[in-house]
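A look at the structure
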Amino acid sequence: MTSAQARHWRSAADALAVLRRETRLTRPQLGQHLGLDSGPTSDLVKRLTRAELIVERRAPSSGPGRPTTTVHAHPSGPLAVVVDLRHGDWRIGTCDLAGEVAITAAGRHDGTAPEALLTRLAARIAPLATSLGDRVAGIGVAVPGPVAEDRLVQATMLGWHHLQVTRVAPDPDVPLVVGNDATMAAVAEARLHTPPPYTLLHVVVEVGIGGAFVVGGQPAPSARGLHGEFGHLPLGDPAAECPCGARGCWTVAFDVPAVARGAHQPVGDDPRAWLHSLYTDPAPAPDVRRIRTALAADLGRGIAGLINALDPDLVTLGGLAAPLRDSAPGEFERAVHNGLMTVHRDPPPSIVAARSGPDASLIGVGLSVFDRVMDAEMLARWASRSRVSR
């Protein structure tokens, strides 16, 4: 690739990076992000359209003046094959350049045979990847635990350790991204707020607590990638031993068995659905009300501590965190206020329900695939495949 071609496609890569970070992007806004006037922006958009990377649609009218267009991923453009491996189930789908996800398969697992589960997932991914051909830019897998070098280091509640996730890939030459599910959800969440927060604290409650701290749309870096394990901060009972090996972990009180004991209720076949029902019951029994109140206060205290430590622009609540907060909002708010340093109280950062929905981890890991592979060289190869040279 000549230096001119490299410059040619570097600007395209920059444009697609903006598309991954911003939703509802108009052509003029794209140009503003790239520092381009209308003429060069128009040329760039035409080039990306010819390469089947983007498509334009008429934007809703906002008043008098010339109508503009919004920029979207091309329906025939590159895709990431994405997998969301959760505590009791899994989903497989595709994610496009703008973070649109389409689910193609889903199923349940009992957590007892993780290696066999990865084999089954590989058998599902292979025909999907084959059917998509050279549209596949890579594979992204979101997993319920910390990740190091494409290994799931530990899924605490499942008892999984050092699981080599790369075996789900049907072709070792296809780029693979493995990420913690809460971290991937945070990546998806950061792009949905206007103006985009520079620092975002994302706290997720599922069958335990997780989350991530996002800076400029990307997870904050760490030594080995084992960041965001907020649930393993020693904010809980110091006598309680967590399956992770530590004592006093915040997450222990939010684990399904602990919640069931406090609520004096049996757990259903789907633990997450059972928790959701418990947190949203409009007429809870006294024991249920007590455990919800205690957990909402625990959640608020922990979030206050994280705000004191990280000083985020915005706090978002993913998974079951918002329903739990809403089950006892007064206790939650008091716990947050009482736990904040004075300097963080005037005003405190907003704490809002996440907007990214149930596909957050799939969106985040799909966008992370494109972040890894979408450079000038890759785009030049794609354009050649599309018979676009200029």
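Residues numbered from 1 in each chain as written. Predicted model: local features only at pLDDT ≥ 70, side-chain atom pairs only at ≥ 80, totals over all residues. Heavy atoms only, no water.

What to know about the overall build of the chain
- Within the chain, the regular secondary structure consists of 12 helices and 16 strands.
- The principal-axis extent of the C-alpha atoms belonging to the chain is close to 65 × 50 × 40 Å.
- Scored against the burial criterion, the 390 residues of the chain give a buried share of 50%.
- Sequence separation of 24 or more characterises 65% of the internal contacts of the chain that already satisfy a separation of 6 or more.
- Accessible surface, the chain: about 18100 Å² in total, of which carbon and sulfur atoms supply 52%. (Helix = DSSP H or I, 4+ residues; strand = E, 2+ residues; numbered from the N terminus. Buried < 20%, exposed > 50% of the residue type's maximum accessible area, 1.4 Å probe, protein only. Contact = heavy atoms within 4.5 Å. Areas by Shrake-Rupley, 256 points an atom, 1.4 Å probe, with all protein chains shown as cover.)

Details of the environment of R290
- Here R290 lies in helix α8 (residues 286-310).
- On a C-alpha basis, the gap between R290 and A263 in space is 7.8 Å, while along the polypeptide they are 27 residues apart.

Details of the pairing of strand β13 (residues 208-215)
- Most of β13 sits out of view: seven of its eight residues are buried.
- Both strand β12 (residues 199-206) and β13 contribute to a ladder of eight bridges, which runs antiparallel. What sits directly across from T199, in β13, is V215.
- Sheet topology places β13 next to strand β14 (residues 218-219); two bridges connect them, and they run antiparallel. (Pairing = 2+ DSSP bridges.)

As for the pattern of salt bridges
- For the coordinates displayed, the defined rule picks out 16 salt bridges.
- Here R21 makes a salt bridge to D371, at a shortest N to O gap of 2.2 Å. One end of the pair, R21, is in helix α1 (residues 3-21); the other, D371, is in helix α11 (residues 360-373), with 350 residues separating them in the sequence.
- Residue classification places D371 among the partly exposed residues on the basis of a relative accessible area of 28%.
- A salt bridge links D84 to R91, with the nearest nitrogen and oxygen atoms 3.2 Å apart.
- Taken together, the shared-partner salt bridges connect D84, R86, D89, R91 and D359 into one network. (Salt bridge = Lys/Arg side-chain N within 4 Å of Asp/Glu carboxyl O.)

Focus: the packing of helix α7 (residues 271-280) against α8
- Axis separation between α7 and α8 bottoms out at 9 Å; the angle between their running directions is 95 degrees. Looking at the two axes, α7 sits roughly perpendicular to α8. Between α7 and α8, the contacting residues are L278, Y279 and T280 on the first element and V288, I291, R292 and L295 on the second.
- Of the residues assigned to the contact of α7 with α8, the class counts are five nonpolar, one polar and one charged. (Axes fitted to C-alpha atoms, helices over the stretch in contact; angles between N-to-C directions. Parallel < 35°, antiparallel > 145°, perpendicular 65-115°, else oblique. Nonpolar A, V, L, I, M, F, W, Y, C, P; charged D, E, K, R; others polar.)

Concerning the packing of aromatic side chains
- Taken as a whole and assessed by the stated rule, the structure comprises one aromatic pair.
- Ring plane angle 85 degrees and centroid distance 6.3 Å describe the contact between W250 and F254, whose orientation is recorded as edge-to-face.
- What makes W250 buried here is its relative accessible area of 3%.
- Under the relative-accessibility criterion, F254 is labelled buried at 0%.
- Taking NZ or CZ as reference, R47 lies 5.7 Å from the ring centre of W9, over its face. (Phe/Tyr/Trp six-rings, centres within 6.5 Å; stacked < 30°, edge-to-face > 60°. Lys NZ or Arg CZ within 6 Å of the ring centre and 35° of its normal.)

Side note on the sheet that holds strand β16 (residues 350-353)
- A sheet is described by the order of its strands in space; here five strands give the open sequence β14-β13-β12-β15-β16, paired in mixed fashion. Strands with a single pairing partner mark the edges of an open sheet, and in this sheet they are β14 and β16.
- Bridge count between β12 and strand β15 (residues 314-319): six bridges; the pairing is parallel. Its bridge partner being in β15, L201 is matched across the sheet by V315.

As for α11
- If you check α11, its first and last C-alpha atoms are 20 Å apart, about what 14 residues at 1.5 Å a residue would give, namely 20 Å.
- Of all the 14 residues making up α11, 12 are buried; the element is thus mostly covered by neighbouring parts of the structure.
- Of the residues making up α11, those classed as buried are A360, S361, L362, I363, G364, V365, G366, L367, S368, V369, F370 and V373. (Expected span 1.5 Å × (residues − 1).)

Quick word on the packing of α8 against helix α10 (residues 329-339)
- At their nearest, the axes of α8 and α10 sit 7 Å apart, and the two run at 30 degrees to each other. As the angle between them shows, α8 and α10 are arranged roughly parallel. For the pair α8 and α10, the sense of crossing is right-handed. Residues T293, A296, A297, L299, G300, R301, I303, A304 and N308 of α8 form the contact with α10, whose own contacting residues are E331, F332, A335, V336 and G339.
- Split into classes, the residues belonging to the contact of α8 with α10 amount to eight nonpolar, four polar and two charged. (Left-handed = near helix turned anticlockwise from the far one by under 90°.)

A short note on the environment of V204
- Tracing the backbone shows V204 in strand β12.
- C-alpha separation for the pair V204 and T316, spaced 112 residues apart in sequence, amounts to 8.4 Å.

Points about the side chain of H344
- By the element assignment, H344 lies in the loop between α10 and β16.
- A relative accessible area of 11% means that H344 is categorised as buried.
- Beyond its immediate sequence surroundings of up to four residues, H344 is in contact with I307, N308, D311 and P349.

Let's talk about the sheet that holds strand β9 (residues 151-155)
- The sheet built from three strands is open, its strands ordered β8-β9-β10 with antiparallel pairing. The open sheet terminates on both sides in strands that have one partner only, identified here as β8 (147-148) and β10 (160-164).
- Both β9 and β10 contribute to a ladder of four bridges, which runs antiparallel. What sits directly across from A155, in β10, is W160.

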